[in-house]
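What the coordinates show
In case you want the letters, here they are:
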Amino acid sequence: MTAPTGSGGIDLLARRPALDRSRLLDTLVPSARFAETRFSTYRPNPEFPSQEAARQSLQGFLEPQPPKKTGIWPFQKVVRPQGRGLYLDGGFGVGKTHLLASTYYAARERDPGSRVALMSFQDLMYLIGALKMPQAIEALRGYDLLLIDEFELDDPGNTHMANTLLEALIPAGVNVVATSNTAPGALGEGRFSTRDFQRQIEAIAEQFQSQRVDGPDYRQRGTTPSLPLSEEEFGRWLARQPRDTLSVVGADDLDRHLLSVHPSQFAALLDGVQAVAVTGLHPLTGQNEALRLVHFIDKVYDMGLHAAFTAQTPGATLEGLFDESYRHGAFAKKYSRCLSRLSELLSEARQP
């Protein structure tokens, strides 16, 4: 059985969330998938001591810094100390996002009045695009701690935006923790002509103390990459989902609809959805189409939704979704992360 688009209680294609700038800041919190994560629930791989070292570094990073005094007594003023940066560099599935969410909750528990924001680097770029740079700097300057997941420089545009933002926030006292699959000095390599932007890349790297996090992808431990669900598996998955919070959409219909939705609003598009199925996946013929699907799957994963995916051709592999030139090109790490997350979502979908 293949459920048609709209067979769930929620029709994504009927939704057109407006760009709500005020709501964007309210969404800068850990997603539902990481709502219960804490430093105490992180399980470092004992074969890779750098994982435990990363946890300890983040816990130490949260220790308050002494206030800075300026001027000469009796006219001294106490001012906010300059912010600091910590950069966790590691592969897929070593728990970087878990550690970042744990840092968020630990900071809030240490000081409930502190302002902490967590977002992916891509969402940060969309936020700047929606608010414009001066307004984004003004909004984020009021935070004590900014947590950025999957920091990656894809092009000269976001290199310039990232450098401008960090140069404004860290001297103003905002602390920043970033995670990435790329060492800070190698940001942008293989994606654009980094030689022309070396000064900005070096300026970004200099804002951070870098720490490596090693280990295998936990999402793939002891498993092989999942195939999309078969008809029978999909039928069993559908039978377990409450209809009023279920959305079923065809892959081609979804792609056409995402063209009309600002990427910063993908979470709003999925508001109230607890389970989503994308049916009829097939090899994607355009890079923009592929990257839209990647960002949509990132949102589904981060929000902790139940998810199911079927293929147009029975037995098709996940790797076949993305052209080999894409998987080994400038956005290779985005596609690798997406395939890793798809495998985990499909593994969850097969569990009774």
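Structure report, in brief. (Residues numbered from 1 in each chain as written. Predicted model: local features only at pLDDT ≥ 70, side-chain atom pairs only at ≥ 80, totals over all residues. Heavy atoms only, no water.)

Digging into the sheet that holds strand β8 (residues 246-250)
The test is simple: Strands are treated as partners if at least two bridges between them are detected by DSSP. Elements are defined by DSSP. Helices are runs of H or I of four residues or more, strands are runs of E of two residues or more, and each kind is numbered from the N terminus. Where helices are involved, their axes are fitted lines through C-alpha atoms of the stretch in contact, as for all axes, and angles between N-to-C directions lie from 0 to 180°. Between two residues, a contact is recorded if the distance between any of their heavy atoms is within 4.5 Å.
Across the sheet, which stays open at both edges, the 3 strands sit in the order β8-β9-β10 with parallel pairing between neighbours. Each of the sheet's edge strands pairs with one partner strand only, and the pair in question is β8 and β10 (306-311). Averaged over all pairs of adjacent strands, the angle between strand axes in this sheet comes to 15 degrees, irrespective of strand direction. Summarising the sheet, strand β9 (residues 275-281) and β10 pair through 5 bridges and their orientation is parallel. Counterpart to V278 in the pairing with β10 is F309. Across the sheet, helix α11 (residues 287-302) touches β9 and β10, and the angle it forms with β9 is around 150 degrees.

Side note on the sheet that holds strand β7 (residues 209-213)
In spatial order, the strands read β4-β5-β6-β3-β7; together these 5 strands make up an open sheet with parallel pairing. In this open sheet, the two edge strands, each paired with only one partner strand, are β4 (116-120) and β7. Strand after strand, the sheet turns through a mean of 15 degrees between neighbouring axes, direction not considered. With 5 bridges joining them, strand β3 (residues 85-90) and β7 adopt parallel strand pairing. Note on β7: the bridge partner recorded for L86 is Q209.

A look at the packing of aromatic side chains
This is how it is decided: The aromatic pairing rule takes the rings of Phe, Tyr and Trp, using the six-membered ring of Trp, and pairs them if the centres are within 6.5 Å, calling planes under 30 degrees apart stacked, those over 60 edge-to-face and the rest tilted. A 1.4 Å probe rolled over the protein chains alone gives each residue an accessible area, and that area as a share of the maximum for its type sets the label: buried under 20%, exposed over 50%, partly exposed in between.
Under the defined criterion, the tally for this structure stands at 8 aromatic pairs. Seen in terms of ring centroids, F121 and F151 are 4.6 Å apart; in terms of plane orientation they differ by 45 degrees. Their pairing is tilted. With a gap of 30 residues between them, F121 in helix α4 (residues 121-131) and F151 in the loop between β5 (145-149) and α6 (156-169) connect regions that are remote in the sequence. Each member of the pair, F121 as well as F151, is classed as buried.

Some thoughts on the packing of helix α9 (residues 251-258) against α11
What counts, and what does not: For classification purposes, an angle smaller than 35 degrees is called roughly parallel, one larger than 145 roughly antiparallel, one from 65 to 115 roughly perpendicular, and anything else oblique.
Packing of α9 against α11 brings their axes to within 10 Å, and their N-to-C directions diverge by 95 degrees. Taken together, the axes of α9 and α11 are roughly perpendicular relative to one another. Each of L254, D255 and L258 in α9 lies in contact with α11, whose residues at this interface are E289, R292 and F296.

Let's talk about the pairing of β3
Where burial is concerned, most of β3 is hidden: 6 out of the 6 residues are buried. Here β3 shows two buried faces, one formed by G85, Y87 and D89 and the other by L86, L88 and G90. One ladder, built from 5 bridges, connects β3 with strand β6 (residues 175-180); its direction is parallel. Following the sheet pairing, D89 is matched in β6 by S180.

A word on helix α8 (residues 231-240)
Which entries qualify depends on this criterion: Picture the helix axis, draw a direction to every C-beta atom, and the arc is the one those directions span.
Taken residue by residue, α8 has F234, G235, W237 and L238 as its buried positions. Seen along its axis, α8 keeps its buried residues to an arc of 165 degrees; they face one direction. Exposed side chains of α8 directed beyond 90 degrees from the buried face belong to E232 and A239. Taken together, the buried residues of α8 touch β8, β9, β10 and α13 (332-350).

What about the pattern of salt bridges?
Note the threshold: One speaks of a salt bridge when a side-chain nitrogen belonging to Lys or Arg is within 4 Å of a carboxyl oxygen belonging to Asp or Glu.
The final tally for this structure, using the stated rule, is 18 salt bridges. Its salt-bridge partner being R33, residue E344 comes within 3.6 Å of it at the nearest N-O pair. Pair noted here: E344 is in helix α13 and R33 is in the loop between α1 (21-26) and α2 (49-61), with a separation of 311 residues, a long-range link. Note on accessibility: E344 and R33 belong to one class, buried. The partner of E150 in a salt bridge is R337, and the shortest N-O contact between them spans 3.6 Å. Of the two residues, E150 is situated in the loop between β5 and α6 and R337 in helix α13; the sequence distance between them amounts to 187 residues. Grouping residues by exposure puts E150 and R337 together as buried. Each of E150, E152, D298, D302, K334, R337 and R341 takes part in one network of salt bridges that share partners.

A look at the side chain of T245
Inspection of the secondary structure assignment puts T245 in the loop between α8 and β8. Beyond its immediate sequence surroundings of up to four residues, T245 is in contact with I10, G272, V273, Q274 and A275.

Topic: the nonpolar core
The line we're drawing: Buried Ala, Val, Leu, Ile, Met, Phe, Trp, Tyr and Cys residues form a nonpolar core when they are joined through side-chain atoms within 4.5 Å.
Grouped together as the largest cluster of nonpolar side chains are 69 residues, with contacts concentrated most on L12, W237, F296, F309 and F322. In this structure F309 touches P228, L229, V278, L281, I297, L342, L345 and L346, once residues within four positions along its chain are discounted. Core analysis: the next-biggest nonpolar cluster, separate from the first, contains 33 residues, M119, M125, A162 and A168 among them.

Some words on the packing of α11 against α13
Spelled out, the test is: Note: crossing handedness is left-handed where the near helix turns anticlockwise from the far helix by less than a right angle, and right-handed where it turns clockwise. Charged residues are taken to be Asp, Glu, Lys and Arg, nonpolar residues to be Ala, Val, Leu, Ile, Met, Phe, Trp, Tyr, Cys and Pro, and polar residues to be all remaining types, Gly included.
Packing of α11 against α13 brings their axes to within 10 Å, and their N-to-C directions diverge by 45 degrees. One element, α11, and the other, α13, form an angle in the oblique class. Between α11 and α13 lies a crossing of left-handed hand. Residues Q287, A290, L291, V294, I297, D298, V300, Y301 and D302 of α11 touch α13, and the partners they reach there are K334, Y335, R337, C338, R341, L342, E344 and L345. Of the residues assigned to the contact of α11 with α13, the class counts are 10 nonpolar, 1 polar and 6 charged.

Any functional reading would require information beyond the geometric quantities listed.
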